[in-house]
Amino acid sequence: MSAPPIVAEKRTAAKKATAVPRQQLSFGQRLRRDWPLLLMCVPAMLLLLVFHYIPALGNVIAFQDYNPFVGDNPLEAFLYSEWIGFGNFEYLFENPAFWDSVLTTLSITAFQLVFYFPIPILLAILLNSIMSPRVRSLVQSVVYLPHFFSWVLVVSLFQMMLGGAGLIAQTAREAGYTAPDIMTNPDTFMFLITSQAVWKDAGWGMIVFLAALAAIDPALYEASAADGAGRWRRMWHITLPGLRSVIVLLLILRLGDALNVGFEQFVLQREMVGREAAEVLDTYVYYQGIAVQQWGVGAAAGLFKAVVGILLIVGANKLAHRFGEQGIYSKS
Amino acid sequence: MSAETVVRPRRKTLRPPWEEQPSLLGQFGKGTIITVVLAVVLVPLWVVVVTSLSSEKTINEAGGYVFLPRELDPRAYVVIFSGGQVTDAILVSTVVTIAGTALSLIVTVLAAYGLSRPGTLGHKPILFYFLLTFLIYPGMIPSYLVVTGLGLKDNLLALILPTAISAFNLVVLRAFFMSIPGELYDSARMDGAGELRILTRIVLPLSKAVTAVVGLFYAVGYWNAFFNAILYIDRNDLQPVQRVLQQFILAGQSPATSGAAVAIPGLGSSVPPSLAIKMAVVVVTIVPALIIYPFVQRHFTKGVIIGAVKG
């Protein structure tokens, strides 16, 4: 019983030493003491200023009829372009293609909640039931691997396996059949992108569930086995409750991220399956803004996504707190 | 771990004594699922490697992709490494990855260290400045205008600077730096060491592993980046490998027409088949991930593997 207080004491002592004691120092004294630390933050802050915050502020061109040709550089063009209030948004909201892209994005999120989300959980439970440490680490090594591949590579591998000239079509041809070209079929696109996402990231997504499984007290399993609970009952009454809080947290976070379904995966395949199936909000922004050069409209679509995204994240965190979870930021 | 092995004599299986024997059907089902999962990941990679090493005859006989290796024909690799578009792309990606990772690491480590002591001047607002990047994103179009406005079109810096800082990596490093006992800082300061010296002599040697992992994540990000090149790079000789891969495999461009397959003296007139060249490009884009992978993997799963062993 005497051990914990000592540990706790040590920890606070260490904390006190790390934290600079808040004495009554004047601003000048603190500056003289801390300027090297401040200086160290400057390069990162500058990079973020130029490539993160200025572009974030630059979203105001959503309220302009931005014309790159009225100035010699984007800054001048920005200064000389005409302000048109909500004109771009009016155009956007009356444009069915925009709403189509929103709808596609949301249906992809919904589809993947059902067909992607459970797979890392099932994989983790399966892996956790493997007894041999060698088999277990082999499986882990293999299923984590695709996480480190680029989207170009993943889509290319799918093209090589499932495409019109792919391995499966080739094998089918030899056997005298013709296999459908899955890569260019808009009707099955949802399955295609979900299986790509599963192939790339389901293994990696398993990590957090494995950690949660490892945190379950093995004595619970032993006790329930002694009480006569079989394999499935133990999974239902111990394993799943043990994963509950992680599952709830990740579900809520995914909801907060509902408008983000990935960009490269879609921009890579939009040509192959056509705009109707593959146009998500991000690709809409790109094609409207940069490819078609309607800068203001593209920026308006981007700003719409950013604002709704912030609202969703804040809302999701509220929800997380209501469920008694931590969320991505805490209340304080 | 050791205490357990002492208490419980080593059994042939790690199955705890209270657990029922597995049913034959269950074991069979589990084995099948695991085999399928492994095959789904590994078979495409295997086919790519084997095909990249096949001669024209083998590829023609197989009707395309080759599953069983017949011979080792490295000519596809000789071709892509002896000048032309693919060689350029490999160079570009290597330079961007190395320079970018170095810049990202230096800047991130400095900022993480600068923020590692709560109570210093401006600590809270600066931390908030970094954390706010999680919530507020720059739009794609303003970013494009800023980067091109800085004159970075067709400049490799456009592939580095916009993605140089990840606030997530910064937070990870900062958390680790904060866990280093304060006595170490104090003793170094007592000996007259400045902040930079404390960082390089004390903090970094203690956080080699986490710094390495952060660096590897940055490196994977740079190597895999694809879309920045579409936005900012028009010149053919400045394209990164991911872009070349996309052109060959997804846009159906033939290596022969794009200047990738230049005639190699000494190989005779026979140019290696274009499918083999394409597959060699795929292999080249995978290999860096494979080299880096064991390090990352060891670090990220050590805790999980040990912790997940039921005891």
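None of these values were measured; they are calculated from a predicted model. (Residues numbered from 1 in each chain as written. Chains lettered and ligands numbered in written order. Predicted model: local features only at pLDDT ≥ 70, side-chain atom pairs only at ≥ 80, totals over all residues.)

The next thing to look at is the overall build of chain A. When helices and strands are tallied, chain A shows 16 helices and 2 strands. A compact globule built from 332 residues would reach a C-alpha radius of gyration of about 20 Å, whereas chain A, at 26 Å, exceeds it by more than 25%. The C-alpha extent of chain A, read off along each of the three principal axes, is 85 × 75 × 35 Å. Per-residue burial over chain A gives 36% buried out of 332 residues. Put simply, of all contacts in chain A between residues at least 6 apart along the chain, 61% involve residues at least 24 apart. (Helix = DSSP H or I, 4+ residues; strand = E, 2+ residues; numbered from the N terminus. Rg over C-alpha atoms; globule rule 2.2 N^0.38 Å. Buried ≥ 20, exposed ≤ 12 C-beta atoms within 10 Å, placed from the backbone. Contact = placed C-beta atoms within 7 Å.)

A tally of regular secondary structure across chain B gives 14 helices and 0 strands. When the helices and strands of chain B are read in sequence order from the N terminus, they spell out α-α-α-α-α-α-α-α-α-α-α-α-α-α. The buried share of chain B, taken over its 311 residues, is 36%. A separation of at least 24 residues holds for 74% of the contacts in chain B among residues at least 6 apart in sequence.

Another point: the domain arrangement of chain A. All names here are of chain A. Split by domain assignment, chain A resolves into domain 1 (3-83) and domain 2 (87-322). Distance between the C-alpha centres of domain 1 and domain 2: 32 Å. Here the side of domain 1 that touches domain 2 is composed, by residue class, of 4 nonpolar, 2 polar and 1 charged. (Domains from an automatic or database assignment. Nonpolar A, V, L, I, M, F, W, Y, C, P; charged D, E, K, R; others polar.)

Between chain B and chain A, the residue contacts involve 86 residues of the former and 87 residues of the latter. By residue number, the principal contributor to the side of chain B that touches chain A is helix H14 (residues 274-308) of chain B, which donates 12 residues. Broken down by class, the residue content of the side of chain B that touches chain A amounts to 54 nonpolar, 23 polar and 9 charged.

All right, on to unusual backbone geometry then. Phi angles above zero are rare outside glycine, and Gln293(A) is one such case at about 65°. With respect to the element layout, Gln293(A) can be found in the loop between helix H15 (281-291) and helix H16 (295-322). The phi dihedral of Asp154(B) is positive, around 60°, even though this residue is not glycine. The topology assignment puts Asp154(B) in the loop between helix H7 (140-149) and helix H8 (167-178).

When the domains of chain B are assigned, the result is domain 1 (21-73) and domain 2 (75-308). Where the side of domain 1 of chain B that touches domain 2 of chain B is concerned, the elements lending two or more residues are helix H2 (24-52) and helix H3 (56-62) of chain B.

Residues and elements named next belong to chain B. Taken from the UniProt record, the annotation "transmembrane region" (unreviewed entry) applies to residues 33-53, 89-115, 127-150, 156-177, 198-220 and 275-296. Strand forms 0% of residues 33-53 and helix 95%; the C-alpha atoms that close the span are 30 Å apart. The distance from the first to the last C-alpha atom of residues 89-115 is 38 Å, and the span holds 96% helix and 0% strand. (UniProt positions renumbered as here; feature names shortened; annotations may be inferred.)

Turning our attention to helix H8 (residues 151-162) of chain A. An α-helical turn contains 3.6 residues, so any two residues separated by three or four positions project in the same direction. Residues and elements named next belong to chain A. For H8, which comprises 12 residues, the first-to-last C-alpha distance of 16 Å matches the rise-based estimate of 16 Å (1.5 Å per residue) to within 8%. Of all 12 residues making up H8, 12 are buried, and the element is well covered by its neighbours. Of all the positions in H8, only Trp151, Val152, Leu153, Val154, Val155, Ser156, Leu157, Phe158, Gln159, Met160, Met161 and Leu162 are classed as buried. (Expected span 1.5 Å × (residues − 1).)

Turning our eyes to something else, we now look at the nonpolar core. Among the nonpolar cores identified, the biggest contains 133 residues, and Ala301(A), Ala111(B), Leu245(B) and Val281(B) are the most heavily contacted of them. Discounting residues that sit within four places of it in the chain, Val281(B) has contacts with Ile80(B), Val86(B), Val244(B), Leu245(B) and Phe248(B). (Core = buried A, V, L, I, M, F, W, Y, C linked by C-beta atoms within 7 Å.)

All names here are of chain A. It is the contact of helix H11 (residues 218-226) with helix H12 (residues 231-256), at a shortest axis distance of 10 Å, that shows an interaxial angle of 145°. Of the two possible hands of crossing, H11 and H12 adopt the one that is right-handed. Touching Leu220, Tyr221, Ser224 and Ala225 of H11 are Arg234, His237 and Ile238, all from H12. Taken together, the residues of the contact of H11 with H12 sort by class into 4 nonpolar, 2 polar and 1 charged. (Axes fitted to C-alpha atoms, helices over the stretch in contact; angles between N-to-C directions. Left-handed = near helix turned anticlockwise from the far one by under 90°.)

Residue and element names in this part refer to chain A. Per the UniProt annotation, the sites labelled "transmembrane region" (unreviewed entry) are residues 35-54, 102-127, 148-169, 202-223, 235-253 and 295-314. Between the C-alpha atoms that bound residues 35-54 there is a distance of 25 Å. The span itself is 100% helix and 0% strand. Counted over residues 102-127, helix gives 92% and strand 0%. Its end C-alpha atoms are 37 Å apart.

Attention now goes to the UniProt feature "domain: ABC transmembrane type-1" (unreviewed entry) in chain A. In this structure's numbering, the residues bearing the UniProt feature "domain: ABC transmembrane type-1" (unreviewed entry) are residues 102-316 of chain A. In residues 102-316 of chain A, the share of helix is 77% and the share of strand is 0%. The end C-alpha atoms are 19 Å apart.

Moving on: the packing of H12(A) against H16(A). Residue and element names in this part refer to chain A. Between H12 and H16, the shortest axis-to-axis distance is 8 Å and the interhelical angle comes to 160°. One finds that H12 runs roughly antiparallel with respect to H16. Read as a crossing pair, H12 and H16 show a hand that is right-handed. Contacts between H12 and H16 involve Leu249, Ile252, Leu253, Leu255 and Gly256 on the former and, on the latter, Leu312, Ile313, Gly315, Ala316, Leu319 and Ala320. Classifying every residue of the contact of H12 with H16 gives 9 nonpolar, 2 polar and no charged. (Parallel < 35°, antiparallel > 145°, perpendicular 65-115°, else oblique.)

Moving on to H12(A). All names here are of chain A. Taking 1.5 Å per residue as the helical rise, H12 with its 26 residues ought to reach 38 Å, and the 35 Å between its terminal C-alpha atoms agrees with that figure. When the local axis directions of H12 are compared, the greatest deviation, roughly 45°, occurs at Arg244. Of all the residues in H12, the buried ones are Thr239, Leu243, Ile252 and Gly256. On its buried face, H12 sits against helix H6 (118-128), helix H10 (189-214) and H16. (Bend = angle between axes of the 7 residues up to and from the residue.)

Here we come to the confidence of the model for chain B. All names here are of chain B. Mean pLDDT for chain B: 83, with 85% of residues reaching 70 or above. Between the elements of chain B, mean pLDDT differs from a low of 47, seen in helix H1 (residues 2-7), to a high of 95, seen in helix H5 (residues 85-114). Note that residues 1-6 has pLDDT below 50 and, in this model, 3 contacts with residues that lie over four places away or in other chains. Confidence over residues 260-270 falls short of pLDDT 50; this stretch has 18 contacts with residues more than four positions distant or in other chains. Predicted complex, confidence summary: ipTM 0.85, pTM 0.85. (pLDDT = per-residue confidence, 0-100.)

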